[in-house]
Structures are given as C-alpha cells and as structure tokens.
Amino acid sequence: RPIEGEPYTLTFGPIDVPAGGEDTQCVTMRLDNPTAIKVRQIRNTLGNTSHHFIVYRDAGANGENLTPTPCQPFAGTLGTDMAAPLMITQRAEEILTLPERVAFTFEPQQYIRLEMHYVNSGETTQQVTATAEFYAVPDADIDHEADFLFIGSPDIDLQGGEETLSAHFPLPAGLADVNFFAITGHTHQLGTDMNIYTAPSPGGARTEIYNPEPFLWDEPETAQFDPSIVVPSGGGFDFECTWQNDTGFPVEFGEGADDEMCFFWAYYYPSRG
C-alpha cells in the first residue's frame, strides 16, 4: 500500500490510439519539488493498451517535452542517453517500496522521463494513459541510495515449438556484495516461463530466486526479497527464458510486440553509479 503523505504525481497522456496502433512515446517533465527529496516508494498505474511503462530519472539536458513524442524504446536502460531507469511496470497497478532506510534521491525540480510502449490490439480507438506517483520520506530516515540493473540477452532465434535460452551474467566486480531487494522478469507474448538464479561462479551451484507460477508475460511478477540477496565476488546471475512459438514463422529479438525479449531488472543498494 502507499506510504503516508501526498505523492508527487506525473501523468502520461491520455492519447488516442487507433485500432492496430503500436508505438513507443516519451514525455519529459519536471516535478514540483522545491528542494531535494528522498523517494522511498513509486506507484505506477496503467490504462488500457499499455504494454510497458518506464520511469526514468532524467538529467534534463533537453529540458521538458510535455507532448508525447516517438522515442527509442529502452534507451535509458541501455546507457545511450542521460537518463537512468527507476521502475519498469507492465501491470495495471504496481508499487515498488524500497527497503527501510533506502531511497532514490531527486534533485530540486527533478526531471523525469515517462516512456510508454502501447499496443491497441482491439478493433476500435482506445486511450492510453499512465501515472507515476513518488512518495518521499524525511532525509533523516535514509542511509543508502538505491539503483537499478537491466540484464538480459538479445540472442533469440525461435524457429518453432518450445525453446529455452540459458545465459550467465557475471556480476561486475564493483557490484559484489550489494543488496538486491527486488527483481522483475520480462518477455513478450510467446514467453511461457522465466527462471533466475544466483551462482557463485559460471557453472557453479545455483540458488533459484525467481520462478513465478504461473509466469504471466503481460503482468510479470516483481519478487521482493527480505532479507536482500547478496551475490559474492566472482558470482553472477543465471537466467532462463522459455517460449512457445506456434506462429508458423521464426521470431527473433526486437522491440515490437511481435518480436521477443529475455530481460530482467534488478533493484539494489547501495548505488554504485
């Protein structure tokens, strides 16, 4: 549930999407916080036709853009511009609550980018909208800065039937012994399962940490961990995505709804930049 206090709120849209329409559009807005704040909770709510909604903390180099404008999907997660992801949501409503004494720091009048990937698979025009709410707590309640990792593989080539991709992500040395407190998996519509493990080394004994039953590609579960998960130096994450391709044609990695993905995002503290 939302923590106490009135949130800072930003809204994408609403915009009309014609039948069969698909796009990724962004807005960049400024919060009305006059001083720096510590944000310990984010609540996202999504309307119809939403595929995924990404909230970024933006450096503001290009100022505000209040008009939804086509943009490169996941650009901020891939380090290609001056934005860093805070939360990615596919559910109609999702609340991310950071652990006690952990927060994201927002500068005065923080720039925030809202990225919406929408797909209208219906037969009539629909509206797409999404809202992000940021709940701040007193500075004295916070000791650590949170951060975000976006992990996955583009090596997807689905020829037909059931196929599984397995991969290992070695944790960079600078991230050894940080605290992972939440993870969300991500595929597109052919995805039937996703499993994530910690491993002390490539090929080492694995510990399962993410295995939703069932895995719902359009509303993937966010698993939150208390206590947090720590990956030792030299270790990393093993992850597996499974798809059922009965389309009759090959499907590869891509950003469209008819392409496929195998990613997960992991929230952690203290930040390593």
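Below or above, wherever it landed, is the structure these notes cover.

The rules behind these values
- Residues numbered from 1 in each chain as written.
- Predicted model: local features only at pLDDT ≥ 70, side-chain atom pairs only at ≥ 80, totals over all residues.
- Heavy atoms only, no water.
- Salt bridge = Lys/Arg side-chain N within 4 Å of Asp/Glu carboxyl O.
- Helix = DSSP H or I, 4+ residues; strand = E, 2+ residues; numbered from the N terminus.
- Buried < 20%, exposed > 50% of the residue type's maximum accessible area, 1.4 Å probe, protein only.
- Disulfide = S-S within 2.5 Å.
- Pairing = 2+ DSSP bridges.
- Axes fitted to C-alpha atoms, helices over the stretch in contact; angles between N-to-C directions.
- Phe/Tyr/Trp six-rings, centres within 6.5 Å; stacked < 30°, edge-to-face > 60°.
- Lys NZ or Arg CZ within 6 Å of the ring centre and 35° of its normal.

So, the pattern of salt bridges
Phase 1: The final tally for this structure, using the stated rule, is eight salt bridges.
Phase 2: Here Glu 100 makes a salt bridge to Arg 40, at a shortest N to O gap of 3.7 Å. Remark: Arg 40 occurs in strand β3 (residues 37-46) and Glu 100 occurs in the loop between β7 (93-97) and β8 (102-106); sequence separation between them is 60 residues.
Phase 3: For Glu 100, a relative accessible area of 61% puts it in the exposed group.
Phase 4: The buried category is assigned to Arg 40, whose relative accessible area is 13%.
Phase 5: Three or more residues joined by partner-sharing salt bridges are found here, namely Arg 43, Glu 93 and Glu 133.

Notes on the state of the cysteines
Should the sulfur atoms of two cysteines be covalently bonded, the bond is a disulfide.
Phase 1: Overall, the coordinates contain two disulfides when judged by the stated rule.
Phase 2: Across the disulfide, Cys 26 is cross-linked to Cys 71 (sulfur-sulfur distance 2.1 Å). On the sign convention where negative means left-handed, the S-S torsion of about 70° between Cys 26 and Cys 71 marks this disulfide as right-handed. Linking Cys 26 in strand β2 (residues 22-30) with Cys 71 in the loop between β5 (65-70) and β6 (83-89), this pair joins segments that are 45 residues apart in sequence.

With respect to the sheet that holds strand β9 (residues 111-119)
Phase 1: The antiparallel open sheet is built from five strands, whose spatial order is β5-β2-β9-β4-β6. In this open sheet, the two edge strands, each paired with only one partner strand, are β5 and β6. When the angles between neighbouring strand axes are averaged without regard to direction, this sheet yields 20°.
Phase 2: Judged from the nine bridges that link them, β2 and β9 form a sheet pairing that is antiparallel.

Side note on the packing of aromatic side chains
Phase 1: Scanning the model with the defined rule gives eleven aromatic pairs in all.
Phase 2: For the ring pair Phe 180 and Tyr 268, a centre distance of 5.8 Å and an interplane angle of 50° mean the geometry is tilted. Residue Phe 180 is found in strand β15 (residues 179-186), and its partner Tyr 268 is found in strand β21 (residues 263-269); the two are separated by 88 residues along the sequence. Of the two residues, Phe 180 and Tyr 268, neither departs from the other in class, the shared state being buried.
Phase 3: When the ring of Phe 253 is compared with that of Phe 263, the centres are 6.0 Å apart and the planes differ by 70°; the resulting orientation is edge-to-face. Highlighted residues: Phe 253 in the loop between β20 (251-252) and β21 and Phe 263 in strand β21, separated in sequence by ten residues.
Phase 4: The class for Phe 253 is partly exposed, based on a relative accessible area of 31%.
Phase 5: Here Phe 263 falls in the buried class, since its relative accessible area comes to 9%.
Phase 6: Ring pairing ties together the aromatic residues Phe 180, Phe 237, Phe 239, Phe 264 and Tyr 268, which thus form one cluster.
Phase 7: Over the ring of Tyr 56 we find Arg 113; its NZ or CZ atom is 5.4 Å from the centre of that ring.
Phase 8: The ring of Tyr 197 has Arg 206 sitting right over it, with the charged end atom 3.8 Å from the ring centre.

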